[in-house]
Amino acid sequence: MVRAKFLKVRCEKCNNEQILFERVAGRVACLVCNELIATSTGGKARLSSSGRVLEVLD
Ligand SMILES: [Zn+2]
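Anyway, here's the lowdown on the structure attached to this text. (Residues numbered from 1 in each chain as written. Predicted model: local features only at pLDDT ≥ 70, side-chain atom pairs only at ≥ 80, totals over all residues. Heavy atoms only, no water.)

### So, the coordination of the zinc ion
- Taken together, C11 (SG), C14 (SG), C30 (SG) and C33 (SG) make up the full set of protein donors to the zinc ion, lying 2.3 to 2.4 Å away.
- Bound by 4 donor atoms, the zinc ion shows angles of 105 to 114° at the metal and therefore tetrahedral coordination geometry.
- Of the residues examined, C11 reaches a relative accessible area of 1% and is grouped as buried.
- For C14, a relative accessible area of 31% gives the class partly exposed. (Donors = N, O, S within 2.8 Å, 3.2 Å for Na, K, Ca; no water. Tetrahedral: all angles 85-135°; square planar, octahedral: opposite > 155°, others 65-115°. Buried < 20%, exposed > 50% of the residue type's maximum accessible area, 1.4 Å probe, protein only.)

So, in structure tokens, the structure goes:
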């Protein structure tokens, strides 16, 4: 069984970095500029065009 991970993501719009749970529910917005950076697809986070994964944290 694969455990859910945390992703370190960066908002491409304002360069804010934040930690995102891999299994998000709904939408995740940047905490600084409120840009949509990820949406939930099949129970997993799918990064939008404004979100970039920098690191995967176990
Ligand atoms: Zn932002």
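Moving on from the model shown.
### What about the pairing of strand β1 (residues 6–11)?
- Because side chains alternate across β1, one face comprises the buried residues L7, V9 and C11, and the other comprises F6, K8 and R10, none of which is buried.
- Of the strand pairs in this sheet, β1 and strand β2 (residues 17–21) are connected by 5 bridges, and their pairing is antiparallel. Bridged to V9 within β2 is Q18.
- Linking two consecutive strands that pair antiparallel, namely β1 and β2, is a turn of 5 residues; a positive phi of about 65° is found at N15 within it.
- Pairing of β1 with strand β6 (residues 51–57) involves 6 bridges; the strand directions are antiparallel. Within β6, the residue paired with L7 across the bridge is V56. (Helix = DSSP H or I, 4+ residues; strand = E, 2+ residues; numbered from the N terminus. Pairing = 2+ DSSP bridges.)

### Considerations on the sheet that holds strand β5 (residues 44–47)
- An order of β3-β4-β5 is seen for the 3 strands of this open sheet, with the pairing classed as antiparallel. Two strands bound the open sheet, and with one partner strand each, they are β3 (27–29) and β5. Direction aside, the axes of adjacent strands within the sheet are offset by 25° on average.
- Judged from the 4 bridges that link them, strand β4 (residues 36–41) and β5 form a sheet pairing that is antiparallel. Across the sheet, residue T41 finds its bridge partner in β5, namely K44. (Axes fitted to C-alpha atoms, helices over the stretch in contact; angles between N-to-C directions.)

Everything listed is a geometric property; what it means functionally is a separate question.
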